[in-house]
Amino acid sequence: MTCLLPALAGANTLYGAGMLELGMTFSMEQLVIDNDIIKMTKKAMKGIPVSTETLDVESIKKVGIGNNFLALKKTRMLVDYPSDPMLIDRMMFGDWEHAGSKDLATVANEKVLDVLKHHEVPPVDADLLKDMKAVVDRADKAFRDAR
């Protein structure tokens, strides 16, 4: 998986999404998993909002320090707030089993198949295509003239 330590240190480029075996192999499933991790990392780097809702002092008073906040419905509702993963779920084990016990690789494969089946690439604007062609034509001419 993609190393996230550079991102947490403030780097603005993550390299190797989808790559396996030192980049010798590419996996579309690994790409969507890495995309999920990168998306969560970028969201975490923006900081976690501190508000009356996220602090939830009333729940702290109710549950008490050192007790089980995970049992609170509000905690379960906010658990994805700092990261909002697309593939990674945080269901309780029994709920995960009841939902089919799909591991991350299976979920990633389903996402890949869904994207391949349903994703539509919007057409590139004709003016932009014209500008891109002009850049390529200039580069081709410069290359030919340099011979």
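See the structure above.
Predicted model, so just to flag it, every value in this text is computed and none were measured.

(A) Summary view of the packing of helix H2 (residues 28-45) against helix H7 (residues 104-118). Running from N to C, H2 and H7 cross one another at 100°; their axes reach a closest spacing of 8 Å. Of the possible angle classes, the one that applies to H2 and H7 is roughly perpendicular. Residues Met28, Glu29, Val32 and Ile33 of H2 touch H7, and the partners they reach there are Leu104, Ala105, Ala108, Asn109, Lys111, Val112 and Leu116. Taken together, the residues that form the contact of H2 with H7 break down as eight nonpolar, one polar and two charged.

(B) Summary view of the environment of Glu53. With respect to the helices and strands, the residue Glu53 is situated in helix H3 (residues 52-55). Take Glu53: its relative accessible area is 42%, and that puts it in the partly exposed class. Between the C-alpha atom of Glu53 and that of Lys74, which follows or precedes it by 21 residues, the distance is 9.3 Å. In contact with Glu53, not counting residues within four places along its chain, are Lys74 and Leu78.

(C) How the structure looks around the nonpolar core. In this structure, Val32, Ile33, Ile37, Met40, Leu87, Val107, Ala108 and Val112 together form the largest nonpolar core, which totals eight residues. Looking at this core element by element, the count peaks at four residues for H2. In contact with Val32, other than residues within four places in its own chain, are Leu87, Ala108, Lys111 and Val112.

Conventions and cut-offs
Residues numbered from 1 in each chain as written. Predicted model: local features only at pLDDT ≥ 70, side-chain atom pairs only at ≥ 80, totals over all residues. Heavy atoms only, no water. Axes fitted to C-alpha atoms, helices over the stretch in contact; angles between N-to-C directions. Helix = DSSP H or I, 4+ residues; strand = E, 2+ residues; numbered from the N terminus. Parallel < 35°, antiparallel > 145°, perpendicular 65-115°, else oblique. Contact = heavy atoms within 4.5 Å. Nonpolar A, V, L, I, M, F, W, Y, C, P; charged D, E, K, R; others polar. Buried < 20%, exposed > 50% of the residue type's maximum accessible area, 1.4 Å probe, protein only. Core = buried A, V, L, I, M, F, W, Y, C linked by side-chain atoms within 4.5 Å.

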